[in-house]
Amino acid sequence: MPIQRANFENLEEKLHKAVKSDSYKTLIDLFNKHDDIYVIGNGGLHYVASHMATDISRLVPNKYCHSFDSFGFITSSANDFGFDSIFERWLKNCVNSRNNGLILGLSCSGTSKNIINAFNYGKTIGWDSFLISGRPTKLDCPHIQIDAKHYHTVEAFSLMLFYEIIHALGYSCPTIG
């Protein structure tokens, strides 16, 4: 029986189209504008957010990129206040809102309620938001949408896009040595 291969839905085409878009230019402008960047996502995108917060912080000087990696805070907030408020509660309780930050949301559906709530909170404190999604969104914010059918396509795309951002900011990733 032949082994089935994963369908990445022309991932490289999607990436090349995205980095040529006006939305990508807006994203780079926002990265240049902000020193503090907060990346949020659910499921596999949560780990993409964590991975990229690490690499952007270590590879791009004077960029402080954060992801929500406290499982204790996640589970207690979800239990006590509901999953839809976890990112908003993190921003309210654990982040210095006096710093002008950028919230970067990763959502396969483009409709993740907890990301929408975090963006709405960010708006109340004057922060910018940007969404990377696999499906159409009704959010009124700059975004890149890639028209994906599969979660893994959005996850791989987001990771690749973050490395494009590092290079667009004038830095590079180390080679395997």
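Below is a summary of the structure that appears in this document. (Residues numbered from 1 in each chain as written. Predicted model: local features only at pLDDT ≥ 70, side-chain atom pairs only at ≥ 80, totals over all residues. Heavy atoms only, no water.)

What about the overall build of the protein chain?
Working step 1: If you tally the helices and strands in the protein chain, you get seven helices and five strands.
Working step 2: Across the protein chain, helices and strands are ordered from the amino to the carboxyl terminus as α-α-β-α-β-α-α-β-α-β-β-α.
Working step 3: In summary, the protein chain has a C-alpha radius of gyration of 16 Å against a globular reference of 16 Å for 177 residues, a match within 12%.
Working step 4: Relative to its full complement of 177 residues, the protein chain shows a buried share of 46%.
Working step 5: Pairs at least 24 apart in sequence give 71% of the contacts found in the protein chain among residues at least 6 apart.
Working step 6: Across the protein chain, 16 positive and 17 negative side-chain charges occur, with their mean positions spaced 3 Å apart. (Helix = DSSP H or I, 4+ residues; strand = E, 2+ residues; numbered from the N terminus. Rg over C-alpha atoms; globule rule 2.2 N^0.38 Å. Buried < 20%, exposed > 50% of the residue type's maximum accessible area, 1.4 Å probe, protein only. Contact = heavy atoms within 4.5 Å. Lys, Arg positive; Asp, Glu negative; His and termini not counted. Charge placed at Lys NZ, Arg CZ, Asp CG, Glu CD.)

Quick word on the packing of helix 5 (residues 86-94) against helix 6 (residues 113-124)
In a packed pair of helices, the relevant descriptors are the angle between the two axes and the axis-to-axis distance.
Working step 1: Packing of helix 5 against helix 6 leaves a shortest axis separation of 7 Å and a crossing angle of 35 degrees. When helix 5 is examined against helix 6, the residues I86, F87, E88, L91 and K92 are found in contact with a partner set consisting of N114, I115, N117, A118 and Y121.
Working step 2: Considering only residue class, the contact of helix 5 with helix 6 consists of six nonpolar, two polar and two charged. (Axes fitted to C-alpha atoms, helices over the stretch in contact; angles between N-to-C directions. Nonpolar A, V, L, I, M, F, W, Y, C, P; charged D, E, K, R; others polar.)

A short note on the pattern of salt bridges
Working step 1: As enumerated under the stated definition, the model contains five salt bridges in all.
Working step 2: Residue D22 pairs with K25 through a salt bridge whose shortest N-O separation is 3.9 Å. Taken together, the residues span about one helical turn, with D22 and K25 both in helix 2 (residues 22-33) at a distance of three residues.
Working step 3: Its relative accessible area of 61% is what places D22 among the exposed residues.
Working step 4: Salt-bridge contacts for D55 lead to R58; the nearest nitrogen and oxygen are separated by 2.9 Å. Placement of both D55 and R58 in helix 3 (residues 44-59) is noted, with a separation of three residues, approximately one turn of the helix.
Working step 5: By relative accessible area, R58 is classed as exposed at 52%. (Salt bridge = Lys/Arg side-chain N within 4 Å of Asp/Glu carboxyl O.)

Things to note about helix 5
Working step 1: For helix 5, the full list of buried residues reads I86, F87, E88, W90 and L91.
Working step 2: Where helix 5 is buried, its residues touch strand 1 (36-41), strand 2 (64-67), helix 4 (71-81), strand 3 (101-107) and helix 6.

With respect to helix 1 (residues 11-19)
Working step 1: Of the positions making up helix 1, those classed as buried are L11, K14, L15 and A18. Down the axis, helix 1 shows its buried residues gathered within 100 degrees of arc, on one side only. Residues of helix 1 that are exposed and angled more than 90 degrees away from the buried face: E12, E13 and K17.
Working step 2: Where helix 1 is buried, its residues meet helix 2, strand 5 (143-145) and helix 7 (151-168). (Arc of directions from axis to C-beta.)

Observations regarding the pairing of strand 3
Working step 1: Most of strand 3 sits out of view: seven of its seven residues are buried.
Working step 2: Residues G101, I103, G105 and S107 of strand 3 are buried on one face, and the alternating residues L102, L104 and L106, pointing to the opposite face, are buried as well.
Working step 3: Pairing of strand 1 with strand 3 involves six bridges; the strand directions are parallel. Along strand 3, the bridge assignment pairs Y38 with I103. (Pairing = 2+ DSSP bridges.)

Points about the environment of R135
Working step 1: Among the secondary structure elements, R135 is positioned in the loop between strand 4 (128-133) and strand 5.
Working step 2: Remark: the alpha-carbon pair of R135 and I146, spanning eleven residues in sequence, is separated by 6.7 Å.
Working step 3: When near neighbours in sequence (up to four residues on either side) are disregarded, R135 contacts C108, S109, G110, Q145, D147 and A148.
Working step 4: In this structure the side chain of R135 is engaged in a polar contact, spanning 3.1 Å, whose partner is the backbone oxygen of A148. (Polar contact = N/O pair within 3.5 Å; in protein donor to acceptor, adjacent residues only side chain to side chain.)

Remarks on the nonpolar core
Working step 1: Ranked by internal contacts, the top residues of the largest apolar core, which has 35 residues, are F31, I144, F157, L161, F162 and I165.
Working step 2: Where this core is concerned, the elements lending two or more residues are helix 1, helix 2, strand 1, helix 3, strand 3, strand 4 and helix 7.
Working step 3: A total of seven residues in this core trace back to one element, the largest contributor, which is helix 3.
Working step 4: Residue contacts for I144: discarding those within four places in its chain leaves A18, S23, Y24, L27, F130, L131, I132, S133, F157 and L161. (Core = buried A, V, L, I, M, F, W, Y, C linked by side-chain atoms within 4.5 Å.)

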